[in-house]
Amino acid sequence: MNKIKNIVFDLGGVIMNLNVPKTIEEFERLGITNIVNSTGHHYTDSIFYDFEIGAVSEDEFVNRLSEVSNSNISYKAIKEAWNAMILNMPKERIEMLINLKNDYKLYLLSNTNSIHQEKFEREFKIHNGYDFKDLFNKVYYSHQVGIRKPEEEIFHFVLKSSKLEAKETLFIDDSFENIKVAQKAGIQTYHINYKNTLNSLFNN
């Protein structure tokens, strides 16, 4: 870490806890089935990816899900089901970010969408009394920049936008696919999994 000046964090599975199966379960309860493929890691309808890069609006996203449902469901019910995966941000992770900001420039790079962003930013403000974005020098949300991981272009975009040197930058993500692409862009990486945690990285 002595050569690292910048740290780019993923959000879900790194800072914020997620439960994607909960959203799938809630959608199925509403009659929206076959959301993910057999691996459980990729959505079957392109609307999900289009929403993550801002190519479709919130209304278009919700209306599309309403169309594929086999029952009459409300706009609110669809949003609540989509948000079911959003869990908490443990206090110790927030405190870790606050402490790290004394020594590093911190950035966030997340594949997300306007519905999720509204929920987690609102809840963070309620629980902590300040804006989530204040934890970072800059945040990059896929639906705002029009690119998502694991496209290599998004890593170059972050480096250029914030004037970062790749070799001085550490990227932390729980997706090995994203990690591999970040490495291709010359960025240092740390893959979060059951063995490699934020605590094991920063408390050594």
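As a reminder, the structure under discussion sits directly above these lines.
If you're wondering where the values come from, they're calculated on a predicted model, not measured in any experiment.

### Focus on the environment of Arg 122
With respect to the secondary-structure elements, Arg 122 resides in helix 6 (residues 114-128). Taking the C-alpha atoms as reference, Arg 122 lies 30 Å from Asn 203; in sequence the two are 81 residues apart.

### Thoughts on the packing of aromatic side chains
Summed over all chains, the structure comprises 13 aromatic pairs. Note on Phe 124 and Phe 132: the rings are 5.3 Å apart at their centroids and 70° apart in plane angle, and the pair reads as edge-to-face. Residue classification places Phe 124 among the buried residues on the basis of a relative accessible area of 4%. Through a chain of ring-to-ring contacts, the aromatic side chains of Phe 120, Phe 124, Tyr 130, Phe 132, Phe 136 and Tyr 141 assemble into a single cluster.

### Description of the pairing of strand 2 (residues 105-110)
Of all the six residues making up strand 2, five are buried; the element is thus mostly covered by neighbouring parts of the structure. Where strand 2 lies against strand 3 (residues 138-141), four bridges are found, and the strand directions are parallel. The partner of Leu 108 across the bridge, within strand 3, is Val 139. Assessed by its sense of winding, the connection that carries the chain from strand 2 through helix 6 to strand 3 is right-handed.

### Points about the side chain of His 143
Here His 143 is to be found in helix 7 (residues 142-145). A polar contact of 2.8 Å, which involves the side chain of His 143, links it to the side chain of Gln 117. In this structure, His 143 is in contact with Phe 51, Glu 52, Ile 53, Gly 54, Thr 112, Asn 113, Ser 114 and Gln 117, ignoring residues within four places of it in sequence.

The rules behind these values
- Counting starts from 1 at the beginning of each chain's written sequence and moves along it residue by residue.
- Confidence filtering applies because this is a predicted model: local features only for residues at pLDDT of at least 70, side-chain atom pairs given and counted only at 80 or more, and all residues used for totals across whole chains, interfaces and linings.
- Hydrogens and waters are ignored; side-chain quantities use all the structure's heavy atoms.
- Here a strand is any run of E in DSSP of at least two residues, a helix any run of H or I of at least four, and the numbering for each starts at the N terminus.
- Planes of paired rings set the category: under 30 degrees apart is stacked, over 60 is edge-to-face and the rest tilted, where pairs are Phe, Tyr or Trp rings (Trp by its six-membered ring) whose centres lie within 6.5 Å.
- Accessibility here uses a 1.4 Å probe with only protein chains present; expressed as a share of the type maximum, an area under 20% marks a residue as buried, one over 50% as exposed, and anything in between as partly exposed.
- One requirement defines pairing of two strands: DSSP has to find at least two bridges between them.
- By convention, orient the strands away from the viewer: a clockwise path from the first strand over the helix to the second makes the crossover right-handed.
- Whenever two N or O atoms come within 3.5 Å, that pair is a polar contact, provided that in protein one can donate a hydrogen and the other can accept it, and provided that, for residues adjacent in sequence, both atoms are side-chain atoms.
- In this description, contact between two residues means that some pair of their heavy atoms is separated by no more than 4.5 Å.

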